[in-house]
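Structural description and commentary
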Amino acid sequence: MPRRLIELPLLRRLKPGLYVHDEEALNAEPEVGLLDQPITPVDAFFIRNNGALPEIDHSRDWTLTLDGEVERPRAWTVEALRERFETVTIAAVLECAGNGRSLFSPPTDGLQWRLGAVGCARWTGVRLKDLLEHAGARPGAVYTAHHSPDRLIRDETRPALSRGLPIAKALSEETLVAFAMNGEPLPPLHGGPLRIVAPGFPGSAWQKWLSGITIRPVEHDGEKMCGTDYRMPVRPVLPGEPIDKSLFEVITDMPVKALVTAPVEGFSVEVGGAVEIRGFAWSGTVPVAGVSLSSDGGASWREAALEPGEGPFAWRRFRARFVAEQAGPVTIIAQARDEAGNVQPLHEAQWNPRGYCNNQAQRVRGTAR
Ligand SMILES: Nc1nc2c(c(=O)[nH]1)N[C@H]1C(S)=C(S)[C@@H](COP(=O)(O)O)O[C@H]1N2
Ligand SMILES: [Mo]
């Protein structure tokens, strides 16, 4: 049996509405109706693990080391981080790069996430930038490498994941080493005691159980950084086309997306009755510009009202009302766009061999009776 922090029955108690994809590594996502709040509660937040959960010795202080291309290698306990550096809180969307993978056709390998591998939480911690300044990053610093104790299930000698960030992102104001989520100590399932928060980057860049950072003079080549792992082809490729690894670049930005959280798939409405369509829109680097909604399968469109988010990295609530004018099937479609003119594809997002970054517009089907 792999080592685990938590057993399945306990997971079901902690996160009751989650659909469990993989019991061994513990990967689970909520039904989208559970995501209907601006700040996703921890009990509805998806979990994604590439390996076995690590065993954490709570009798010893957790330490974070920082070394590599720095003038002064450092080590801090969580308490020392809190004492020595400014604490900041940022609301930010965390989305797995594989969210929506099950919508690709032909299907790709990997967990068949539906639409729930995303959430928006308040993350509290210290800025990674402040730690790097304290240690004195050398001019040759190009990339961070993040280390954690979790191991692959089938090969305990290998880390489950060791990813990093381009130095510019590591030095950005919004990039944190976080110790709290929604005002509570960071739960073990979400990487407690410490994790990286890298708003706008895919979830894979948000290293959990962070125990070491090494500053590197080259792009980090740790576990799940190379080949096609968390990488997209720089030009479209066809299913079955031989894979040329040199075409693949690390995903550093998530595409614009909207999620309808109400009504949910299978809803029913009385003819003549009004329904509020609501949900959230978010993006990576480029801000969201707006959300178009259709309640007739795309025949007609209207602009949703978009509320401000809790800061630039949080998702934004959208709303619109529609009245069901005749009996029969109703299909709602939400399509977000960003300020650079990127729009969610109405039918198929660009297929890629590992099924990442699927931002195909969501359809929610119901019936008017
Ligand atoms: N140490 C470690 N960190 C990790 C992972 C992992 O397997 N091990 N998975 C990553 C991936 S792919 C995602 S999407 C997010 C998920 O974060 P969550 O489980 O808190 O939702 O954690 C990231 N950090
Ligand atoms: Mo992920």
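Criteria and cut-off values
Numbers given to residues run from 1 along each chain, matching the order in which its sequence is written. In the order they appear in the text, chains get letters beginning with A and ligands get numbers beginning with 1. It should be noted that, the model being predicted, local features are given only for residues of pLDDT at least 70 and side-chain atom pairs only at 80 or more, the latter also being counted only at that level, while totals for whole chains, interfaces and linings use all residues. Hydrogens and water are ignored here; the side-chain numbers use all heavy atoms of the structure. Helix numbers and strand numbers start at the N terminus; a helix is a DSSP run of H or I with at least 4 residues, a strand a run of E with at least 2. Each residue's exposure class comes from its accessible area (1.4 Å probe, protein chains only) as a fraction of the maximum for that residue type: buried when under 20%, exposed when over 50%, partly exposed otherwise. A contact between two residues is defined here by any heavy atoms of the two lying within 4.5 Å. Under the convention used here, Asp and Glu are negative, Lys and Arg are positive, and both His and the chain ends fall outside the count. To locate a charge, take NZ of a lysine, CZ of an arginine, CG of an aspartate or CD of a glutamate. The cutoff for a nearby residue is simple: one of its non-hydrogen atoms must lie within 4 Å of the molecule or strand. Pairing of N or O atoms within 3.5 Å defines a polar contact, subject to two protein rules: one partner must be a possible hydrogen donor and the other a possible acceptor, and residues neighboring in sequence count only if both atoms are side-chain atoms. Per-residue and other accessible areas were derived by the Shrake-Rupley procedure at a 1.4 Å probe size, with only the shown protein chains allowed to occlude residues. Residue type decides the class: Asp, Glu, Lys and Arg count as charged, Ala, Val, Leu, Ile, Met, Phe, Trp, Tyr, Cys and Pro as nonpolar, and the leftover types, Gly among them, as polar. UniProt positions are given in the numbering used here, feature names are shortened, and annotations may be inferred rather than shown by experiment. The pairing criterion is simple: DSSP has to find at least two bridges between the two strands. Nonpolar cores are built from buried Ala, Val, Leu, Ile, Met, Phe, Trp, Tyr and Cys residues. Side-chain atoms within 4.5 Å join them into one set. pLDDT is a per-residue confidence score from the predictor, ranging from 0 to 100. Take a side-chain nitrogen of Lys or Arg and a carboxyl oxygen of Asp or Glu: if they are within 4 Å of each other, that pair is a salt bridge. The rule is short: rings of Phe, Tyr and Trp, with Trp giving its six-membered ring, pair when the centres are within 6.5 Å, and they are stacked under 30 degrees, edge-to-face over 60, tilted in between. Lines fitted to C-alpha atoms define the axes here, with helix axes fitted over just the stretch in contact, and angles between the N-to-C directions of these axes take values from 0 to 180 degrees.

1. Things to note about the overall build of the chain
Scanning the chain from N- to C-terminus turns up four helices and 22 strands. With the C-alpha coordinates of the chain rotated into their principal frame, the extents come out at 70 × 45 × 40 Å. By the burial criterion, 55% of the 369 residues in the chain qualify as buried. Across the chain, every contact between residues at least 6 apart in sequence was considered, and the portion connecting residues at least 24 apart equals 70%. Side-chain charges of the chain comprise 41 positive and 46 negative groups, with the mean position of each set lying 1 Å from the other.

2. A look at the site of ligand 1
As a matter of local geometry, ligand 1 sits amid 20 residues, with N50, D150, H190, R195 and K208 nearest to it. Note that a nitrogen atom of ligand 1 is positioned 2.7 Å from one of the side-chain N or O atoms of D150. A distance of 2.5 Å is found between an oxygen atom of ligand 1 and a side-chain nitrogen or oxygen belonging to K208. Against a free-state accessible area of 530 Å², the protein chains account for coverage of 100% of ligand 1. A breakdown of the residues in the shell around ligand 1 according to their chemical character gives nine nonpolar, seven polar and four charged.

3. Let's talk about the UniProt feature "domain: Oxidoreductase molybdopterin-binding" (unreviewed entry) in the chain
What UniProt calls "domain: Oxidoreductase molybdopterin-binding" (unreviewed entry) maps, in this numbering, to residues 51-222. Helix and strand shares over residues 51-222 are 11% and 29% respectively, and the end C-alpha atoms of the span are 14 Å apart.

4. Details of the sheet that holds strand β22 (residues 362-368)
Strand order in the open sheet made by the five strands is β15-β22-β21-β17-β18, with mixed pairing throughout. Both edges of this open sheet fall to β15 (267-269) and β18 (302-303), since each of them pairs with a single strand only. Strand direction decides the pairing type here: strand β17 (residues 288-294) and β18, joined by two bridges, are antiparallel. From the neighbouring strand, L293 faces β18, where its bridge partner is R302.

5. Focus on the pairing of strand β3 (residues 63-68)
Here β3 runs beside strand β4 (residues 74-77); their pairing, made up of four bridges, is antiparallel. Among the inter-strand pairings, L64 is bridged to a residue of β4, identified as W76. Where β3 hands over to β4, the hairpin turn is made up of five residues, counted between the paired strands. Of the pairings in the sheet, the one linking β3 to strand β11 (residues 212-216) comprises four bridges and is parallel in character. Counted as the bridge partner of D67 is T214 from β11.

6. Quick notes on the nonpolar core
Of all hydrophobic cores here, the largest spans 59 residues; its most connected members are L64, L81, W123, L131, V177 and L194. Residues in contact with L131, not counting those within four places in the same chain, are L64, L66, W76, L81, F85, V126 and V177. Counting residues in each nonpolar core, the second largest holds 22 residues, with F267, V269, V288 and V364 among its members.

7. Some details on the UniProt feature "domain: Moybdenum cofactor oxidoreductase dimerisation" (unreviewed entry) in the chain
Per the UniProt entry, the sites bearing "domain: Moybdenum cofactor oxidoreductase dimerisation" (unreviewed entry) are residues 250-364 in this numbering. Spanning residues 250-364, this segment combines 0% helix with 45% strand, and its end C-alpha atoms are found 32 Å apart.

8. Looking at the confidence of the model for the chain
Summary statistics for the chain give a mean pLDDT of 96 and a share of 99% for residues scoring 70 or more. Mean pLDDT across the elements of the chain ranges from a minimum in helix α1 (residues 8-14), with 85, to a maximum in strand β10 (residues 195-197), with 99.

9. Points about helix α3 (residues 128-135)
When you tally the buried positions in α3, you get six out of eight residues, the bulk of the element. Of all the residues in α3, the buried ones are L128, K129, D130, L131, L132 and A135. G136, located one to two residues past α3, shows a positive phi value of around 75°.

10. Overview of the side chain of R195
Take R195: it is sitting in strand β10. Despite being buried, R195 has no salt bridge partner; D150 is the closest side chain of opposite charge, sitting 9.9 Å away. Among the polar contacts made by the side chain of R195, one reaches the main-chain carbonyl oxygen of W206 at a distance of 3.0 Å. Residues within four places of R195 in sequence aside, it is in contact with L94, W123, L176, V177, A178, L186, H190, W206, Q207, K208 and L210.

11. Describing the packing of aromatic side chains
Under the definition given, this model contains eight aromatic pairs. Ring centres of F45 and W123 lie 6.0 Å apart, and the angle between their planes is 85°; this geometry places the pair in the edge-to-face category. Of the two residues, F45 sits in the loop between β2 (27-30) and β3 while W123 sits in strand β6 (residues 118-127), which places them 78 residues apart along the sequence. The same class applies to F45 as to W123, namely buried. Considering the side-chain rings of W123 and W206, the 5.4 Å spacing of their centres and the 70° angle between planes classify their relative orientation as edge-to-face.

12. Some details on the sheet that holds β4
Pairing is mixed in the open sheet, where four strands are placed in the order β4-β3-β11-β7. This sheet does not close on itself; its edge strands, each paired only once, are β4 and β7 (143-147). Here the average twist between neighbouring strands, direction ignored, is 15°.

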